[in-house]
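# Geometric and topological summary
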Amino acid sequence: MSGSKQPLIAAVLGSPRRGGNTEMLLEAAVRGAEEEGAVVEWVRPNQMKFVACQHCGGCAATGICVIKDEMQTVYDLIERMDAMLLASPIYFGSVTAQVKAMIDRSQALWARKYLLHHPLSADGKLRPLLFLSVLGGRSRGQIRATRRVVRSFGDTWDGPYEDLIFPRIDLQGEIADHWTALPQVHAAGQELAVRLQQEG
Ligand SMILES: Cc1cc2nc3c(=O)[nH]c(=O)nc-3n(C[C@H](O)[C@H](O)[C@H](O)COP(=O)(O)O)c2cc1C
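The text that follows walks through the structure, step by step, so that each part is easy to find. Since the model is a prediction, treat every value here as computed from it, not as a measurement. (Residues numbered from 1 in each chain as written. Predicted model: local features only at pLDDT ≥ 70, side-chain atom pairs only at ≥ 80, totals over all residues.)

### A short note on the overall build of the protein chain
Check the secondary structure of the protein chain and you find 6 helices and 5 strands. Beginning at the N terminus, the succession of helices and strands in the protein chain can be written as β-α-β-α-β-α-α-β-α-β-α. Relative to the globule expectation of 16 Å for 200 residues, the C-alpha radius of gyration of the protein chain, 16 Å, shows essentially globular dimensions. Expressed along its principal axes, the backbone C-alpha trace of the protein chain runs to roughly 50 × 40 × 30 Å. Counting over 200 residues, the protein chain shows a buried share of 40%. For the protein chain, contacts bridging at least 24 residues in sequence account for 81% of all contacts bridging at least 6. (Helix = DSSP H or I, 4+ residues; strand = E, 2+ residues; numbered from the N terminus. Rg over C-alpha atoms; globule rule 2.2 N^0.38 Å. Buried ≥ 20, exposed ≤ 12 C-beta atoms within 10 Å, placed from the backbone. Contact = placed C-beta atoms within 7 Å.)

Right, here's the structure in full:
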């Protein structure tokens, strides 16, 4: 990214529930980022046609996934993006199946980094990963476990990791009643866009 260019942020909506808490959080963060000049490209795994990683080994020699489905657009976006906003509710102590399938497909990026020793970050971009999440309960163990999964996704491209996770949010749209959540993620989106431009 050059100094004058608008940063590109990938916004990944991991919840299948339309108008749900995750979507509201992500929309607020995206609004903040756009207000500060970022360009946002949305990824909606729940609406995409792609398979889970088949462990075929096809990426081992090249770092490029050989399965030609809609994940190819995500690989392309990860290469082009300056940062990712990833939002998922916690389901059974982790991200949703849709997000986990996407994360598993990042095995191709993992291969680039660990097998071929040519990580995506070799192009000099930091690509921070800001994870936004909600959970109906308040289990710290579940938060820790989810964090570990998402962090390992960002690690495949060496993306610095941050998160904002809101417990005890269960009913559809309940996040709007939280005192600080929406303003907090809105501000985080703004800060991310500003930071990317300063670092650019
Ligand atoms: C399949 C499923 C699994 C869930 N698993 C958990 C869980 O393990 N821990 C928890 O605290 N909440 C769990 N929840 C509750 C959701 O995290 C919560 O309802 C959240 O607000 C949903 O976000 P959304 O509105 O973006 O869909 C689960 C909900 C569903 C539908």
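### Considerations on the sheet that holds strand β4 (residues 129–134)
Read from one edge of the open sheet, 5 strands run β2-β1-β3-β4-β5, paired in parallel fashion. The open sheet has two edge strands, β2 (39–43) and β5 (161–166), and neither has a second partner. Across the sheet, the mean angle separating the axes of adjacent strands is 15° when strand polarity is ignored. Note: strand β1 (residues 8–13) against β2, 5 bridges, orientation parallel. Bridged to Ala-11 within β2 is Trp-42. (Pairing = 2+ DSSP bridges. Axes fitted to C-alpha atoms, helices over the stretch in contact; angles between N-to-C directions.)

### Description of the site of the ligand
The immediate surroundings of the ligand are formed by 19 residues, with Gly-20, Thr-22, Pro-89, Gly-136 and Gly-137 found nearest. In terms of residue class, the shell around the ligand is made up of 7 nonpolar, 10 polar and 2 charged. (Near = placed C-beta within 6 Å. Nonpolar A, V, L, I, M, F, W, Y, C, P; charged D, E, K, R; others polar.)

### Topic: the environment of Gly-154
Inspection of the secondary structure puts Gly-154 in helix α5 (residues 140–155). A C-alpha to C-alpha distance of 19 Å links Gly-154 and Gly-93, two positions 61 residues apart in sequence. Those residues within four positions of Gly-154 in sequence are excluded, and the remaining contacts are Leu-129, Gly-159 and Tyr-161.

### Brief notes about unusual backbone geometry
Apart from glycine, the bulk of residues carry a negative phi angle, and the bulk of peptide bonds sit in the trans form. For Phe-92, which is not glycine, the phi dihedral falls at a positive 45°. Position of Phe-92 among the secondary structure elements: in the loop between β3 (83–89) and α3 (97–105). The exposure class of Phe-92 is exposed, given the 9 C-beta atoms found within 10 Å. Of note in this structure, Arg-168 is not a glycine but carries a positive phi near 60°. With respect to the element layout, Arg-168 can be found in the loop between β5 and α6 (181–199). Take Arg-168: there are 11 C-beta atoms within 10 Å of it, and that puts it in the exposed class.

### Side note on helix α1 (residues 21–35)
Between its first and last C-alpha atoms α1 spans 21 Å; for 15 residues at 1.5 Å apiece the expected length is 21 Å, and the two agree. With respect to burial, α1 is a largely interior element, 11 of its 15 residues being buried. Buried residues along α1 sit against β1, β2, β3, β4 and α6. A positive backbone phi angle near 95° is found at Gly-37, which sits one or two residues after α1. (Expected span 1.5 Å × (residues − 1).)

### Quick word on the pairing of β4
Taking burial as the measure, the 6 residues of β4 include 6 buried ones, the bulk of the element. What you see with β4 is no split at all: Leu-129, Phe-131 and Ser-133 on one side and Leu-130, Leu-132 and Val-134 on the other are buried throughout. Two strands pair when backbone bridges link them, and β3 and β4 are joined in this way by 6 bridges, in the parallel orientation. Each bridged residue has a counterpart across the sheet, and for Leu-86 the counterpart in β4 is Phe-131. Sheet topology places β4 next to β5; 6 bridges connect them, and they run parallel. Bridge pairing links Leu-129 to Tyr-161 in β5.

### Notes on helix α4 (residues 107–115)
Among all positions in α4, only Gln-107, Ala-108, Leu-109, Ala-111 and Arg-112 are buried. Positive phi appears at His-117, one or two residues downstream of α4, with a value of about 55°.

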